[in-house]
Amino acid sequence: MRLTCRFGWRPVLVALLFTVVSVARAEIFRLASYNVENYIDEATDSRRAKSPESKAKVKENLLALRPDVVAFQEMGRESALKELQGALKAGGLDLPYLEHVKGWDTNIFVALLSRFPILESRSHTNESFLLNGRRMRVGRGFAEVDIKVSDNYTFTLFAAHLKSKRTVAEADESEIRLEEARLLRERVTARLTANPQAHVAVLGDFNDHKDSPSTRAVIGRGKLKLVDTRPAEQNGDNQPNENPAWEPRNITWTHHYGKEDTYSRIDFILISPGMAQNWLTNKTQVLTAANWGVASDHRPIVASFDVP
């Protein structure tokens, strides 16, 4: 069959190429992290159940972000996760795949929901370390799952909720957090050592700022150092810092600590160099919403990626 037209063959070829490119355009997927502050469906001895108003606000915030994959911290039992899953589906956000990590803490957990299939789960539920001669366990464990976004794109997700700054009798809270961070980094390093170009995302509530020893331990160094996506408010701020060694002055805080009335960035989405090749910096943000604090003392963050 010959392609002909009154203007010659070139316009036809251009039209065909345009059609092929349009069909092969990239798909964007959104990866989020959200500490939902005691999303508990039934009260325990130490924690009260989350109010209907607070649950509704969590749902509203997630529907505003519309993530394809979201990692949770301070999620209640699996029944609470499924309750939220059902509420989101009723609101038009269907995330049919889930992971619920049962760690040493029996009240709150790390969990995730995904629009894409979970190919394999290697979540770590019984991690421990020696500190001052004493065996201690990671409170909430680490999620580790492989997620299939498309036939030619899979990524590994690590989700964590590191030790809080609340003091405990067993040891210094910062030392506990650092040991948990080191264990998490060992799992990430093992994955990247096997394949330095692997798509890996490490996200969650790290309970400390970027320059802290524990967060630096997770980020790592050298060729396998993770990239900080640094979600910020999309409010028009676009100017660099006067000191080029520092980050821009746009607004990135994710947590409000009421006792001190302080705002800080302790929630992170870190990605491997291989995954950073698909990262969309202009579609990465921290949610700004009226009455965000009804849902949680944290704000959710999201980073976007394109997949051919």
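A short tour of the structure in this document, coming up. Keep in mind that what you see is a predicted model, and the values were worked out from it rather than measured. (Residues numbered from 1 in each chain as written. Predicted model: local features only at pLDDT ≥ 70, side-chain atom pairs only at ≥ 80, totals over all residues. Heavy atoms only, no water.)

Throughout the structure, instances matching the rule amount to 7 aromatic pairs. A centroid spacing of 5.5 Å and a plane angle of 20° characterise the contact between Phe 29 and Phe 155, whose relative ring orientation is stacked. With Phe 29 in strand β1 (residues 27-39) and Phe 155 in strand β9 (residues 153-161), this pair connects stretches of sequence that are 126 residues apart. An angle of 65° between the planes, with centres 4.7 Å apart, marks the rings of Trp 253 and Tyr 263 as edge-to-face. Taken as a pair, Trp 253 in the loop between β11 (227-228) and β12 (255-257) and Tyr 263 in strand β13 (residues 262-264) lie far apart in primary sequence, 10 residues in all. Owing to a relative accessible area of 46%, Tyr 263 belongs among the partly exposed residues under this scheme. Among the aromatic residues, those joined into a cluster by ring pairs are Phe 29, Phe 116, Tyr 153, Phe 155 and Phe 305. A cation over a ring is seen here: Arg 137 above Trp 104, with NZ or CZ 4.7 Å from the ring centre. The ring of Trp 253 has Arg 299 lying over it, and the distance from NZ or CZ to the ring centre is 3.6 Å. (Phe/Tyr/Trp six-rings, centres within 6.5 Å; stacked < 30°, edge-to-face > 60°. Helix = DSSP H or I, 4+ residues; strand = E, 2+ residues; numbered from the N terminus. Buried < 20%, exposed > 50% of the residue type's maximum accessible area, 1.4 Å probe, protein only. Lys NZ or Arg CZ within 6 Å of the ring centre and 35° of its normal.)

It is worth spelling out the pairing of strand β4 (residues 109-114) at this point. The element β4 is largely enclosed, with a buried count of 6 among its 6 residues. Side chains Phe 109, Ala 111 and Leu 113 project from β4 onto one buried face, and the interleaved Val 110, Leu 112 and Ser 114 project onto a second face that is buried too. Sheet topology note: the strand β2 (residues 69-75)/β4 ladder contains 5 bridges and is antiparallel. Among the inter-strand pairings, Val 69 is bridged to a residue of β4, identified as Ser 114. The pairing of strand β3 (residues 97-101) with β4 spans 5 bridges and is classified as antiparallel. Within the sheet, the bridge partner assigned to His 100 lies in β4 and is Ala 111. (Pairing = 2+ DSSP bridges.)

Attention now goes to the pattern of salt bridges. A full pass over the atoms with the stated rule returns 25 salt bridges. Residues Asp 151 and Lys 148 are paired through a salt bridge, measuring 3.4 Å at the closest nitrogen-oxygen approach. Residue classification places Lys 148 among the partly exposed positions, given a relative accessible area of 30%. Between Lys 210 and Asp 228 there is a salt bridge, and its shortest N-O distance comes to 3.4 Å. (Salt bridge = Lys/Arg side-chain N within 4 Å of Asp/Glu carboxyl O.)

Next up on the list: the sheet that holds strand β16 (residues 301-307). What the 6 strands build is an open sheet, ordered β3-β4-β2-β1-β16-β15; its pairing is mixed. The sheet is open, and its two edges are formed by β3 and β15 (279-286), each paired on a single side. Direction aside, the axes of adjacent strands within the sheet are offset by 15° on average. Lying over the sheet, helix α2 (residues 52-65) contacts β1, β2, β15 and β16, oriented at roughly 165° with respect to β1. Packed on one face of the sheet, helix α3 (residues 78-90) meets β1, β2, β3 and β4 and runs near 155° to β3. (Axes fitted to C-alpha atoms, helices over the stretch in contact; angles between N-to-C directions. Contact = heavy atoms within 4.5 Å.)

In short, shape yes, function no, at least from these values alone.
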